[in-house]
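# Coordinate analysis (summary)
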Amino acid sequence: MTAPMEPTSQEALSIVKLEDICKTYVTGELIVPVLKGINIDVMRGEFVGILGSSGSGKSTMLNILGMLDVPTSGKYLLERQHVETLSDTELATIRNRKIGFIFQSFNLFPHLSVEQNIEVPMLYAGVPRKVRRERAIELSRQVGLGHRLGHRPTQLSGGECQRIAIARSLSNKPAFLLADEPTGNLDEKTSADIIKLFHELNASGSTIIMVTHNPALEAHFDKVIYLRDGRVSEHQNINFGGGPDVGE
Ligand SMILES: Nc1ncnc2c1ncn2[C@@H]1O[C@H](COP(=O)(O)OP(=O)(O)O)[C@@H](O)[C@H]1O
Ligand SMILES: [Mg+2]
C-alpha cells in the first residue's frame, strides 16, 4: 500500500477543478455537442463569474458543477475528490454538505417560515433542532433579515426572498456557493444590494461561482470565465477590494 500523496499548497486551495469536460445531448437523431472540453480551476475564496449568451451552455455547466447532471466525458474534482467515482448516495450527501445552491427564482418553500426555509438543508444533514434554530437565526441576521424569521416567503419582497435563499445556501457551511442568475428576477437597485451581499460573504471567506448572461456584472468577479462555442476563456480581474461601486 502506498501512502497518499500530500497535496501541494496550490492543490490544497483547489475547490473545483474541471478537466476536459464534454457534454453532448443526444435526442433521437439529433446530436448536440454543448461543452467541448472545459478546463476550469476555482480556488478557495474566489468570486468567479461564468458569462455566456443564452444557449451557450451555462445551465449545462452549472448542472454538472452542482452534480445534478453528469458529463459525457472528462473529470470533475471537488476538493481533490473525483466526483465520477461516487455512488448516488455519496453524491446526494456531498451535494447537500458541500454545495450551496441559489437560483434565479429563489425556490423557497411557500408554506414554510423564513426560519424553516433556512433550516431545510440542515434538516437533511441531520443537524439537531437546537443547533438548526441557532444557526438559522445567526444566518438570517447575517443577510439582514433577523426580524423576519416568522414570516412566509409570500410576505416578503423578491430581494428579501433572495436573501433567505442565500442564508439557506450557507446553512451547512458549504465548500462553495453556486448561484444561477441570482439577480435575474430583481430590479436594478435590489440586484445591486444582492451583489453587495455576495461581496460581503466573499470577503468573509465564501467561495462563489455565479452564472450570468449579464456583462454588466463582469467587473464584480475576481475571475471571469467566458463560455462561447462550447469552450471557455478566462480573464483575471484586478482585485477591487470588495468590488466596484454597486450604487448605494
Ligand atoms: N436536456 C437537453 N437535451 C437536448 N439539448 C439540450 C438539453 N439541455 C440543453 N440543451 C441544449 O444545449 C444548449 C445549451 O443550453 P443551456 O445549457 O441551457 O444554455 P444557457 O443556460 O447558457 O442558456 C442549447 O442549445 C440547448 O438547446
Ligand atoms: Mg440557462
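An account of the accompanying structure is given in this report.

All residues in the neighbourhood of ligand 1 are listed as Tyr25, Thr27, Val34, Ser53, Ser54, Gly55, Ser56, Gly57, Lys58, Ser59 and Thr60. Between ligand 1 and the protein, one listed contact pairs an oxygen atom with a backbone N or O atom of Gly57 at 3.0 Å. A distance of 2.9 Å separates an oxygen atom of ligand 1 from a polar backbone atom of Ser59. Look at ligand 1: alone it shows 570 Å² of surface, and the protein chains cover 58% of it. For the shell around ligand 1, the secondary-structure elements that each account for two or more residues are β1 (14-27) and α2 (58-65). Sort the elements by how many residues they give to the shell around ligand 1 and α2 lands first, with three residues. Looking at the shell around ligand 1 residue by residue, the class counts come to two nonpolar, eight polar and one charged.

Let us look at the environment of Asn107. When you line up the elements, Asn107 lands in the loop between β6 (99-102) and α4 (114-124). Residues Asn107 and Asn117 lie ten residues apart in sequence; the distance between their C-alpha atoms is 9.8 Å.

Helical periodicity: at 3.6 residues per turn, an α-helix aligns residues three or four positions apart in one direction. Judged by how many residues are buried, α2 sits mostly within the fold: six of eight residues are covered. Where α2 ends, the next residue or the one after it, Met67, has phi of about 60°, a positive value.

What follows concerns the sheet that holds strand β8 (residues 208-212). Judged by pairing direction, the sheet is mixed, and its six strands sit side by side in the order β6-β7-β8-β3-β9-β10 without closing on themselves. Taken across any chain shown, the strands that pair with only one partner, and hence form the sheet edges, are β6 and β10 (231-236). Put simply, the sheet's adjacent strands are angled 20° from each other on average, direction ignored. Bridge count between strand β3 (residues 47-51) and β8: five bridges; the pairing is parallel. When the bridges of β8 are listed, Phe47 appears paired with Ile208. Running over the sheet, α2 touches β3, β6, β7 (176-180), β8 and β9 (223-228) and is turned about 155° from β7. Sheet contacts for helix α6 (residues 158-169): β6 and β7; angle to β6, the most-contacted strand, approximately 170°.

Moving on to the side chain of Asn172. One can find Asn172 in the loop between α6 and β7. Only 3.2 Å separates the side chain of Asn172 from the backbone oxygen of Asn96, close enough to count as a polar contact. Discounting chain neighbours no more than four positions away, the residues touching Asn172 are Asn96, Arg97, Pro121, Met122, Ala125 and Val127.

As a further point, take the packing of aromatic side chains. Under the counting rule described, the total for this entry stands at three aromatic pairs. Judged by centre distance (5.2 Å) and plane angle (90°), the ring pair of Phe47 and Phe221 falls under edge-to-face. Here the residue Phe47 occupies a position in strand β3, and Phe221 occupies one in the loop between β8 and β9, the gap between them amounting to 174 residues. For the pair formed by Phe47 and Phe221, the shared burial category is buried. Counting every residue linked through ring pairs, the aromatic cluster contains Phe47, Phe198 and Phe221.

What counts and how
- Residues numbered from 1 in each chain as written.
- Chains lettered and ligands numbered in written order.
- Predicted model: local features only at pLDDT ≥ 70, side-chain atom pairs only at ≥ 80, totals over all residues.
- Heavy atoms only, no water.
- Near = heavy atom within 4 Å.
- Polar contact = N/O pair within 3.5 Å; in protein donor to acceptor, adjacent residues only side chain to side chain.
- Areas by Shrake-Rupley, 256 points an atom, 1.4 Å probe, with all protein chains shown as cover.
- Helix = DSSP H or I, 4+ residues; strand = E, 2+ residues; numbered from the N terminus.
- Nonpolar A, V, L, I, M, F, W, Y, C, P; charged D, E, K, R; others polar.
- Buried < 20%, exposed > 50% of the residue type's maximum accessible area, 1.4 Å probe, protein only.
- Pairing = 2+ DSSP bridges.
- Axes fitted to C-alpha atoms, helices over the stretch in contact; angles between N-to-C directions.
- Contact = heavy atoms within 4.5 Å.
- Phe/Tyr/Trp six-rings, centres within 6.5 Å; stacked < 30°, edge-to-face > 60°.

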